[in-house]
Amino acid sequence: MLMVKRLLYGSATILGVIAAASVAGLMITVIADTAGRFFFSTPIPGANDYSRYWWMILIVFGALGIAERRNEQIEALVLEALMPTKLKVIWRYIRAALVTVTLTLMLIAMIPTAWKHRLQGEYAPGSEITIWPTRYILVVGVAVFLVVTIVKLFDDRRQILRGTFQAEGPEA
């Protein structure tokens, strides 16, 4: 189990690094496009589509797994801090169950959609930039988020029962 956890957390970290690099890519794209428009009256062809269909998807869906792993998602920790130990564990199970159901439903909808758009060779209208691979980025990001949520649930449970749980986020 420890090897699977390391592999999973490692993949979440790699996706997080890709998301961080995508922020830099987005900044460079926007700055270069703006400079081109201002100084040369010529925008970068497809800059908006790259920003919308590639950079933003890599940023958001690449960072989901590592944000969950580090407890950087938005939570109501004030209420949880007031709960007795057993209720904290139950609350974590309820939270994980809701997130798991939601993400599983998303995956059920996303996988056939990604496949369909790959077969169609989806591209951005107007710029002809290929965008179907981003459908798979969505699937990978949500799948990593889902599995990290489940694995982290068991870590949280152990830490709550041992009395070592920190709401701010224990580093794994």
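A brief look at the structure comes next. (Residues numbered from 1 in each chain as written. Predicted model: local features only at pLDDT ≥ 70, side-chain atom pairs only at ≥ 80, totals over all residues. Heavy atoms only, no water.)

### Structural notes on the environment of Val60
No. 1: Considering the arrangement of structural elements, one finds Val60 in helix 2 (residues 47–69).
No. 2: Residues Val60 and Leu138, spaced 78 residues apart in sequence, show a C-alpha to C-alpha distance of 9.0 Å. (Helix = DSSP H or I, 4+ residues; strand = E, 2+ residues; numbered from the N terminus.)

### Quick word on the side chain of Ser22
No. 1: By the secondary structure assignment, Ser22 is in helix 1 (residues 2–40).
No. 2: Apart from the residues lying within four places of it in its own chain, the contact partners of Ser22 are Trp55, Leu58 and Ile59. (Contact = heavy atoms within 4.5 Å.)

### Regarding the nonpolar core
No. 1: Ranked by internal contacts, the top residues of the largest apolar core, which has 13 residues, are Phe61, Leu103 and Val142.
No. 2: Not counting chain neighbours up to four residues away, the residues in contact with Phe61 comprise Ile137, Leu138, Gly141 and Val142.
No. 3: The next biggest cluster of nonpolar side chains, apart from the first, holds 7 residues, and it includes Leu8, Ala12, Leu15 and Val148. (Core = buried A, V, L, I, M, F, W, Y, C linked by side-chain atoms within 4.5 Å. Buried < 20%, exposed > 50% of the residue type's maximum accessible area, 1.4 Å probe, protein only.)

### Re the packing of aromatic side chains
No. 1: Counting across every chain of the model gives 2 aromatic pairs.
No. 2: Judged by centre distance (4.9 Å) and plane angle (85°), the rings of Phe38 and Phe39 are edge-to-face. A single burial state applies to Phe38 and to Phe39, both of which are exposed.
No. 3: Relative to Tyr136, the ring of Trp132 lies with its centre 6.1 Å away and its plane at 85°, an arrangement referred to as edge-to-face.
No. 4: Accessibility expressed as a relative area gives 25% for Trp132, which makes it partly exposed.
No. 5: Directly above the ring of Trp115 sits Arg118, whose terminal nitrogen or CZ lies 4.2 Å from the centroid. (Phe/Tyr/Trp six-rings, centres within 6.5 Å; stacked < 30°, edge-to-face > 60°. Lys NZ or Arg CZ within 6 Å of the ring centre and 35° of its normal.)

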